[in-house]
Amino acid sequence: MENIAAAVDTHVDHGYTANKNALLKRLSRIEGQVRGVSKMVDEEKYCIDILTQISAINAALHKVSLGLVEDHVAHCVVNAATQSIETGDRSHMDEKVAEVTTAIGRLLR
């Protein structure tokens, strides 16, 4: 039981940690845009105007996603590659590459 608590308490920096405040600010703006679209629907605004706003939301989310992918590669994948070089074990690097490849695949759907 103690091992589980130790694992939960362990803090791991992620690639986006340095940009966390900017990321949260951008996500808050997107959240506001979504609320605005909801209000537009409630007020029965013109459908093309709603679609235009949804397109802007999608673009903003894609920008956030690409930034997270970039941070993941620059931080997590690079760290895994360094660890693989140091230990001679490629498994951790292969795992991180597979993770990012799967994530990119989900973004492209």
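Predicted model, so just to flag it, every value in this text is computed and none were measured.

1. Focus on the side chain of histidine 72
Part 1: The topology assignment puts histidine 72 in helix H3 (residues 47-87).
Part 2: Taking relative accessible area as the criterion, histidine 72 reaches 19% and is therefore assigned buried.

2. Considering the packing of H3 against helix H4 (residues 91-108)
Part 1: Contact pair H3 / H4: the axes reach a minimum separation of 8 Å and the direction vectors enclose 170 degrees. Overall, the two elements H3 and H4 adopt an arrangement that is roughly antiparallel. Residue-level inspection shows His62, Ser65, Val69, His72, Val73, Cys76, Val77, Ala80, Ala81, Gln83 and Ser84 of H3 in contact with H4, the latter providing His92, Met93, Lys96, Val97, Glu99, Val100, Ile104 and Leu107.
Part 2: Within the contact of H3 with H4, the residues separate by chemical class into 11 nonpolar, six polar and two charged.

3. So, the side chain of lysine 96
Part 1: Its location among the elements puts lysine 96 in helix H4.
Part 2: Those residues in contact with lysine 96 that lie beyond four places of it in its chain are His72, Cys76, Val77 and Ala80.

4. Regarding the pattern of salt bridges
Part 1: According to the stated counting rule, one finds five salt bridges in the structure shown.
Part 2: Of the charged contacts in the structure, one is a salt bridge between arginine 35 and glutamate 31, with a shortest N-O distance of 3.4 Å. One end of the pair is arginine 35 and the other is glutamate 31, both in helix H2 (residues 20-42) and four residues apart, which spans about a single turn.
Part 3: Residue glutamate 31 is classed as partly exposed on the basis of its relative accessible area, which comes to 46%.
Part 4: As a salt-bridge pair, glutamate 99 and lysine 96 come within 3.5 Å of each other at their nearest N and O atoms. Taken as a pair, glutamate 99 and lysine 96 lie in helix H4 at a separation of three residues, close to a single helical turn.
Part 5: According to the relative accessible area criterion, glutamate 99 is partly exposed, its value standing at 35%.
Part 6: Judged by relative accessible area, lysine 96 falls into the buried class, the value being 16%.
Part 7: In the salt-bridge network here, residues are joined through shared partners; they are Lys39, Glu43 and Lys45.

About the thresholds
- Residues numbered from 1 in each chain as written.
- Predicted model: local features only at pLDDT ≥ 70, side-chain atom pairs only at ≥ 80, totals over all residues.
- Heavy atoms only, no water.
- Helix = DSSP H or I, 4+ residues; strand = E, 2+ residues; numbered from the N terminus.
- Buried < 20%, exposed > 50% of the residue type's maximum accessible area, 1.4 Å probe, protein only.
- Axes fitted to C-alpha atoms, helices over the stretch in contact; angles between N-to-C directions.
- Parallel < 35°, antiparallel > 145°, perpendicular 65-115°, else oblique.
- Contact = heavy atoms within 4.5 Å.
- Nonpolar A, V, L, I, M, F, W, Y, C, P; charged D, E, K, R; others polar.
- Salt bridge = Lys/Arg side-chain N within 4 Å of Asp/Glu carboxyl O.

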